[in-house]
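In case you want the letters, here they are:
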Amino acid sequence: MRHLTTIEGQLSAQGLKFALVASRFNDIIVDRLIGGALDCLLRHGAARENITLVRVPGAFELPVVCRKIAAKGGYDGIVALGAVIRGATPHFEYIAAEATKGLAQVCLETGVPVGFGLLTTDNVEQAVERAGSKAGNKGADAAASLMETIRVLEQL
Ligand code: INI
């Protein structure tokens, strides 16, 4: 790779403004995702006053609220956080699919990157594993990916 021009993003949140958009549904899980995302951004140089937390009822509401925030301007990126758990709902597939598609659409329509921190799991145990235990913290992962993406976009 020595002779390639390589563009890659640094993991730095310094000087950036973020919105965390988090659902209240399954808040025992989502609160851990918020904590993970916040901790990741702060440890990478974000200022607490440059992070805004917005709460929405459920995962289904994440896209419309993220879209408004992205279109309004003033934020370098958004972390969307939620948990859709199969056991808890017969319409798991619809909510998970619409939230996922909707968030992708927000990124592409507005150009504002959204970190995807929406858990879609078969049961509560799997969600707990991804919210700060065995399988790490997907809120923190989404925040790190967002930072990296913002830094790549800045260079293009
Ligand atoms: N919302 C979630 O974020 N996770 C879920 O697991 C869930 N279940 O199980 O139904 C859920 N439902 C609420 C939905 O996202 C909307 O808030 C609601 O339908 C009102 O529009």
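Here's a quick rundown of the structure. Note that the structure is a prediction, hence the values are computed from the model and not measured.

### Let's talk about the layout of surface pockets
Now for step 1: The calculated volume of the largest pocket comes to roughly 160 Å³.
Now for step 2: Taken together, the residues of the lining of the largest pocket break down into 8 nonpolar, 4 polar and 1 charged.

### Regarding the packing of helix 1 (residues 27–43) against helix 5 (residues 138–154)
Now for step 1: At a minimum axis separation of 6 Å, helix 1 and helix 5 run at an interaxial angle of 40 degrees. One element, helix 1, and the other, helix 5, form an angle in the oblique class. Helix 5 is crossed by helix 1, and the crossing has right-handed handedness. Here L33, G36, A37, C40 and L41 of helix 1 lie close against helix 5, whose contacting residues are K138, G139, A140, A143, A144 and M147.

### Concerning the packing of aromatic side chains
Now for step 1: Per the stated rule, a full pass over the model turns up 0 aromatic pairs.
Now for step 2: Over the aromatic face of Y75 sits the side chain of K17, whose NZ or CZ is 5.2 Å from the ring centroid.

### Considerations on unusual backbone geometry
Most of the time, phi is negative for any residue but glycine, and the peptide bond is trans.
Now for step 1: Unusually for a residue other than glycine, N26 sits at a positive phi of about 55 degrees.
Now for step 2: Along the chain, the position of N26 falls in the loop between strand 1 (18–23) and helix 1.

### Focus: the nonpolar core
Now for step 1: Core analysis: the largest hydrophobic core is formed by 28 residues, its most contacted members being F18, L20, I29, L41, V79 and L81.
Now for step 2: The set of elements that each furnish at least two residues to this core consists of strand 1, helix 1, strand 3 (77–85) and helix 5.
Now for step 3: When sequence neighbours within four positions are dropped, the list of residues in contact with V79 reads A19, L20, V21, A37, G115, G139, A142, A143 and L146.
Now for step 4: Counting 19 residues, the second largest nonpolar core, distinct from the first, contains V21, A70, I78 and A80.

### Quick look at the side chain of T121
Now for step 1: Topologically, T121 is positioned in strand 4 (residues 114–121).
Now for step 2: Within the local environment of T121, its side chain forms a polar contact with the backbone oxygen of N123, the two atoms lying 3.0 Å apart.
Now for step 3: Apart from the residues within four sequence positions on either side, T121 is in contact with V84, I85, R86, F92, Q126, A127 and R130.

### As for the state of the cysteines
Now for step 1: Counting across every chain of the model gives 0 disulfides.
Now for step 2: Not part of a disulfide, C40 finds its nearest cysteine sulfur in C107, a span of 17 Å.
Now for step 3: With no disulfide of its own, C107 lies 8.5 Å from the sulfur of C66, the closest cysteine sulfur.

### Some details on helix 2 (residues 62–72)
Now for step 1: Those residues of helix 2 that sit buried are L62, P63, C66, I69 and A70. For helix 2, the angular spread of the buried residues around the axis is 130 degrees, confining them to a single face. Exposed residues lying more than 90 degrees from the buried face of helix 2 are V64, K68, A71 and K72.
Now for step 2: Among the structural elements, strand 1, strand 2 (51–56), strand 3, helix 3 (92–110) and strand 4 are those in contact with the buried residues of helix 2.
Now for step 3: Two residues or fewer after helix 2 comes G73, characterised by a positive phi angle close to 90 degrees.

Procedures and definitions
- Residues numbered from 1 in each chain as written.
- Predicted model: local features only at pLDDT ≥ 70, side-chain atom pairs only at ≥ 80, totals over all residues.
- Heavy atoms only, no water.
- 1 Å grid on protein atoms, 1.4 Å probe; cavity = no way out; pocket = protein on both sides within 12 Å on 5 of 7 lines; lining within 4 Å.
- Points joined across faces, edges and corners; volume = space filled by probe spheres on them.
- Nonpolar A, V, L, I, M, F, W, Y, C, P; charged D, E, K, R; others polar.
- Axes fitted to C-alpha atoms, helices over the stretch in contact; angles between N-to-C directions.
- Helix = DSSP H or I, 4+ residues; strand = E, 2+ residues; numbered from the N terminus.
- Parallel < 35°, antiparallel > 145°, perpendicular 65-115°, else oblique.
- Left-handed = near helix turned anticlockwise from the far one by under 90°.
- Contact = heavy atoms within 4.5 Å.
- Phe/Tyr/Trp six-rings, centres within 6.5 Å; stacked < 30°, edge-to-face > 60°.
- Lys NZ or Arg CZ within 6 Å of the ring centre and 35° of its normal.
- Core = buried A, V, L, I, M, F, W, Y, C linked by side-chain atoms within 4.5 Å.
- Buried < 20%, exposed > 50% of the residue type's maximum accessible area, 1.4 Å probe, protein only.
- Polar contact = N/O pair within 3.5 Å; in protein donor to acceptor, adjacent residues only side chain to side chain.
- Disulfide = S-S within 2.5 Å.
- Arc of directions from axis to C-beta.

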